[in-house]
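Examination of the molecular architecture
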Amino acid sequence: MMVSGGDFVDLLRQTGYRFPGEQLGDAAGDRALPFEPTEGTTILAFQYADGVLVAGDRRATAGNMVLYDRADKVIDLDAYSVMAISGSPAVAFEIARILEHAFQYYRRRLLQEMSLPAKLRRLSLLIKDNLPLAMQGIGAVIPVFATYDRRDGRGKIYFYDALGAQFESADFTTTGSGSPAIRGAMYYLNRWSGRRFAEMDRETAIGHALQLLDTASEYDSATGRYERSADIFPSVKTITASGLAEIETEELRRLYAQYVDGEEAGRA
Amino acid sequence: MMLSDEPYRWAEAVANRREYIEDQIRPGSPVVGVGYEGGILLLTLSQSQQKLFEVYDRIGLAGIGHSTDIEKLRQAAIDMAHAIGFNYSEDDVTLRQIVYFGLGPAMKAGFDDVVRSPFLARVLLAELDGQEGAQVFYTVDYDGAFHRRETWAVVGGVAEADLMMGRVFSELDAEALSLTDAADVALRAWAMGRWVGTMEDVPDDVAELEEMADGVDVDDVLKTELQNLEVEAVVLGRSLVGKNKYRNLDAEEIAPALARFKAD
């Protein structure tokens with residue numbers, strides 16, 4: 001049989017690599033976990049005027065312990081796509097690392113870009129491969145995949161369930177432990193605030209993302225908020241026709257002051 | 001026939017094999033790599049078939065010879081780079097590893113295995129800003145012999161072509177070249193390699209070959225070749241944003257260097 005190659009997971013298996021979920025097997029059985037799994041928390045994404053905005057808080061928790069307040073849960077995959085994660089960071093970072101290499105490997109090996117449907121499919125397969133860990137309750141990953149589709153000329157947001165089913169979100173999505181606290185707020189904003197997300201300019205979009213993450217942290221202890229003492233802001237990234245951009249701390253500081261603490265704070 | 005029992009026949013078989021391979025590779029289009037102020041330029045001429053390839057973030061590959069053999073080597077290099085890059089880190093992917101432990105041994109094994117077809121190819125690889133320096137090149141011959149160079153490297157159809165191409169680079173401060181000057185010198189080197197590759201008989205005496213080379217009108221060779229072939233050029237460019245430093249040059253970027261060689 002002729003194969004074109006280009007499947008990075010195949011290549012990894014040839015080098016002896018096994019995905020974390022594959023290694024677990026029945027080892028853990030039904031026993032209670034001997035440790036509290038580490039988890040990441042609130043992610044949101046929405047369409048705004050120029051493309052897609054993706055934001056996440058920076059906290060990683062293990063049970064009621066705050067493990068880390070500088071986690072970056074919005075992970076770059078290539079120049080036009082990010083994966084934002086809630087759930088187990090260990091597995092999520094592994095998935096992101098595999099995907100980042102898989103996209104590059106495919107492009108270099110087959111001398112063509114991987115198509116968007118194929119990228120979505122690769123992510124879905126990895127989530128399925130992770131099922132054993134998800135079933136054990138220690139490694140579920142619920143990612144949001146966001147990209148700018150240059151062929152259609154618009155941003156796209158996809159979310160997944162723990163089994164790997166993929167859904168495209170029309171306007172906005174949010175996942176993670178803080179998401180119940182803001183899902184309704186996002187619906188309300190988009191429907192009745194008089195300004196849909198899709199109509200917001202860049203700064204307004206960033207400002208609203210900061211407000212929403214602050215709201216999540218108000219009700220969810222596993223979602224971090226802006227840390228004044230350490231000057232840690234949420235991760236906020238935009239994806240537009242010109243590619244992926246991370247919002248710098250300086251701009252986040254200014255917009256945080258304006259939208260969360262300041263003059264815009266009282267307005268929806 | 002037990003080759004090991006008959007040393008003379010063995011030597012003869014190897015010599016025949018070399019002759020066969022060199023005859024196959026000789027008429028191909030040479031490839032040139034040269035450092036410039038912004039990184040590394042790889043350049044060749046072809047009939048619109050891709051000859052320059054991205055291996056990894058800072059590594060490029062070019063070859064002369066049988067296209068499917070070059071393809072096999074390209075894929076092997078990409079596999080190795082990505083497996084190391086994932087299992088260790090991007091910084092652990094080095095051109096030295098790819099050549100010493102990947103392409104070199106693979107090509108040597110192909111050459112030694114007399115019952116199989118050898119790799120009918122010679123390849124050139126370039127690495128930008130790696131552990132070995134800012135501009136490092138390796139060339140790997142069809143028999144697996146490899147050579148390391150800094151600032152520039154070439155592979156032509158035969159070893160004599162490499163020698164004549166190399167003369168173009170003498171007294172050149174490659175690191176300070178502009179992109180246009182780098183493309184200019186690469187085109188001249190390519191033309192010299194082409195000239196040797198198309199000779200009926202390449203003289204054994206290097207001095208004699210050099211004397212003949214001095215009489216070659218490089219501009220003329222290029223003008224003729226450019227009627228049928230197109231320039232293909234890529235850079236490993238330091239100024240590119242992100243990890244990936246490999247980029248195709250478009251026609252406008254190469255046009256200034258090409259202008260003087262275009263037929264009137």
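Residues numbered from 1 in each chain as written. Chains lettered and ligands numbered in written order. Predicted model: local features only at pLDDT ≥ 70, side-chain atom pairs only at ≥ 80, totals over all residues. Heavy atoms only, no water.

1. Section: the overall build of chain A
Going by this rule: Helix and strand labels come from DSSP, where a helix needs a run of H or I of at least four residues and a strand needs a run of E of at least two; each type is numbered from the N terminus. The cut-offs for exposure are 20% and 50% of the maximum accessible area for each residue type, with area from a 1.4 Å probe on protein chains only; residues under the lower value are buried, those over the upper are exposed, and the others partly exposed. The Shrake-Rupley method, run with a 1.4 Å probe sphere, supplies the accessible areas, and residue values consider only the shown protein chains as cover.
Per the secondary structure count, chain A includes 8 helices and 13 strands. Looking at chain A residue by residue over its 268 residues, the buried ones come to 53%. If you sum the accessible surface of chain A, you get close to 12500 Å²; carbon and sulfur atoms cover 50% of it.

2. Regarding the overall build of chain B
Here is the rule we go by: Radius of gyration: over C-alpha atoms. The globule rule applied is 2.2 Å multiplied by the number of residues raised to the 0.38 power. Here Asp and Glu are counted as negative and Lys and Arg as positive; His is not counted, and neither are the chain ends. To locate a charge, take NZ of a lysine, CZ of an arginine, CG of an aspartate or CD of a glutamate.
Counting its secondary structure elements, chain B contains 8 helices and 10 strands. Over its C-alpha trace chain B gives a radius of gyration of 19 Å, about what one expects of a compact globule, namely 18 Å for 264 residues. Each of the three principal axes of chain B carries a C-alpha extent, and together these read 60 × 50 × 30 Å. Put simply, chain B has 264 residues, and 51% of those count as buried. For chain B, the computed accessible surface area is about 12200 Å², with 48% contributed by carbon and sulfur atoms. Across chain B, the centroid of the 24 positively charged side chains sits 4 Å from that of the 48 negatively charged ones.

3. With respect to the sheet that holds strand β3 (residues 52-56) of chain B
Residues and elements named next belong to chain B. Applicable threshold: Two strands are said to pair when DSSP picks up at least two bridges between them. Between N-to-C directions, angles span 0 to 180 degrees; the directions come from axes that are lines fitted to C-alpha atoms, helices contributing only their stretch in contact.
Taking strand neighbours across the sheet as the criterion, the 5 strands line up as β3-β4-β5-β6-β7 in an open arrangement whose pairing is antiparallel. In the strand order of this sheet, the two ends are held by β3 and β7 (146-150), each with one partner. Strand-to-strand, the axes of this sheet are offset by a mean angle of 25°, without reference to chain direction. When strand β4 (residues 59-65) meets strand β5 (residues 121-130), the two strands line up antiparallel, connected through 7 bridges.

4. Some thoughts on unusual backbone geometry
Negative phi values dominate among residues other than glycine, just as trans dominates among peptide bonds. All names here are of chain A. The residue L111 is not glycine, and still its phi comes out positive at about 60°. Secondary-structure assignment places L111 in the loop between α3 (89-110) and α4 (116-129). Relative accessible area serves as the criterion here: at 41%, L111 is assigned to the partly exposed category.

5. Quick notes on the sheet that holds strand β12 (residues 235-240) of chain A
Paired through backbone hydrogen bonds, the strands of a sheet run either parallel or antiparallel to each other. Residue and element names in this part refer to chain A. For clarity, the cut-off: Only heavy atoms enter the contact rule, under which two residues are in contact if any of them lie within 4.5 Å.
Here 5 strands make up an open sheet; going across it, the order is β11-β2-β3-β12-β13 and the pairing antiparallel. What marks the edges here is a single partner per strand, and that holds for β11 (172-175) and β13 (243-246). For this sheet, the mean angle separating the axes of adjacent strands, direction not counted, is 15°. By the bridge criterion, 4 bridges tie β12 to β13 in an arrangement that is antiparallel. In the sheet register, I239 faces β13, and the bridge partner there is L244. In the packing of helix α6 (residues 179-192) onto the sheet, the strands contacted are β2 (43-48) and β11, and the crossing angle to β11 comes to about 170°.

6. Examining the pairing of strand β1 (residues 31-36) of chain B
Residue and element names in this part refer to chain B. Among the 6 residues that make up β1, 6 are buried, leaving the element largely enclosed by the rest of the structure. Covered by surrounding structure in β1 are V31, G33 and G35 together with V32, V34 and Y36, the residues of both alternating faces. Pairing of β1 with strand β2 (residues 39-46), which is carried by 6 bridges, proceeds in the antiparallel orientation. Across the sheet, the residue bridging to V32 is L43, located in β2. Connecting the antiparallel pair β1 and β2 is a turn made up of 2 residues.

7. Some thoughts on the packing of aromatic side chains
Condition: We call Phe, Tyr and Trp rings a pair once their centres come within 6.5 Å, taking the six-membered ring for Trp, and we label the pair stacked below 30 degrees between planes, edge-to-face above 60, and tilted otherwise. In this scheme, the term charge over a ring applies when either NZ of a lysine or CZ of an arginine sits within 6 Å of the ring centre and within 35 degrees of the ring normal.
Within the structure shown, the criterion is met by 15 aromatic pairs over all chains. Taking the centre distance of 6.3 Å and the plane angle of 50° together, the rings of A:Y188 and A:W192 count as tilted. Of this pair, A:Y188 and A:W192 both sit in helix α6, 4 residues apart, which is roughly one turn of the helix. Between B:Y100 and B:Y138, the ring centres sit 6.3 Å apart and the planes meet at 85°, which makes this aromatic pair edge-to-face. With a gap of 38 residues between them, B:Y100 in helix α3 (residues 95-112) and B:Y138 in strand β6 (residues 133-140) connect regions that are remote in the sequence. According to the relative accessible area criterion, B:Y138 is buried, its value standing at 1%. Members of the aromatic cluster, each reached through a chain of ring pairs, are A:F8, A:Y17, A:Y105 and B:F86. Lying across the ring of B:F86, A:R97 places its NZ or CZ 5.2 Å from the centre.

8. Some details on the layout of surface pockets
In this approach a probe as big as a water molecule rolls over the atoms, and the regions it shows empty are the leftover space. Counted only if it meets this: Using a grid of 1 Å spacing that covers the protein atoms alone, one calls a set of points a cavity when a 1.4 Å probe fits there but cannot get out, and a pocket when the set is open and has protein on both sides within 12 Å along at least five of seven lines; lining residues are those with an atom within 4 Å of a point. Grid points are joined across faces, edges and corners, and a volume is the space filled by probe spheres set on the points. Each residue is assigned to one of three groups, with Ala, Val, Leu, Ile, Met, Phe, Trp, Tyr, Cys and Pro labelled nonpolar, Asp, Glu, Lys and Arg labelled charged, and all others, Gly among them, labelled polar.
There is about 1000 Å³ of room inside the largest pocket. Looking at the largest pocket, it is lined by 32 residues, and the ones nearest its centre are A:D78, A:A79, A:Q104, A:R107 and B:N244. At the level of secondary structure, the elements contributing two or more residues to the lining of the largest pocket comprise β6 (74-78), α3 and β13 of chain A together with β3 and β10 (246-248) of chain B. In terms of residues, the lining of the largest pocket owes the most to one element, α3(A), which gives 5 residues. A per-class count over the lining of the largest pocket returns 12 nonpolar, 5 polar and 15 charged.

9. Focus: α6(A)
Residue and element names in this part refer to chain A. We count it as follows: To estimate how far a helix should extend, the number of its residues minus one is multiplied by 1.5 Å. As used here, the arc is the angular range of directions from the helix axis to the C-beta atoms.
The terminal C-alpha atoms of α6 lie 19 Å apart, and with 14 residues this matches the ideal 20 Å at 1.5 Å per residue to within 8%. Buried within α6 we find S179, I182, M186, L189 and N190. Along the axis of α6, the buried residues cluster in a sector spanning 90°; they form a single face. Along α6, exposed side chains directed more than 90 degrees from the buried face belong to P180, R191 and W192. Within two residues after α6, G194 carries a phi angle of roughly 90°, on the positive side.

These figures come from the coordinates and say nothing about function on their own.
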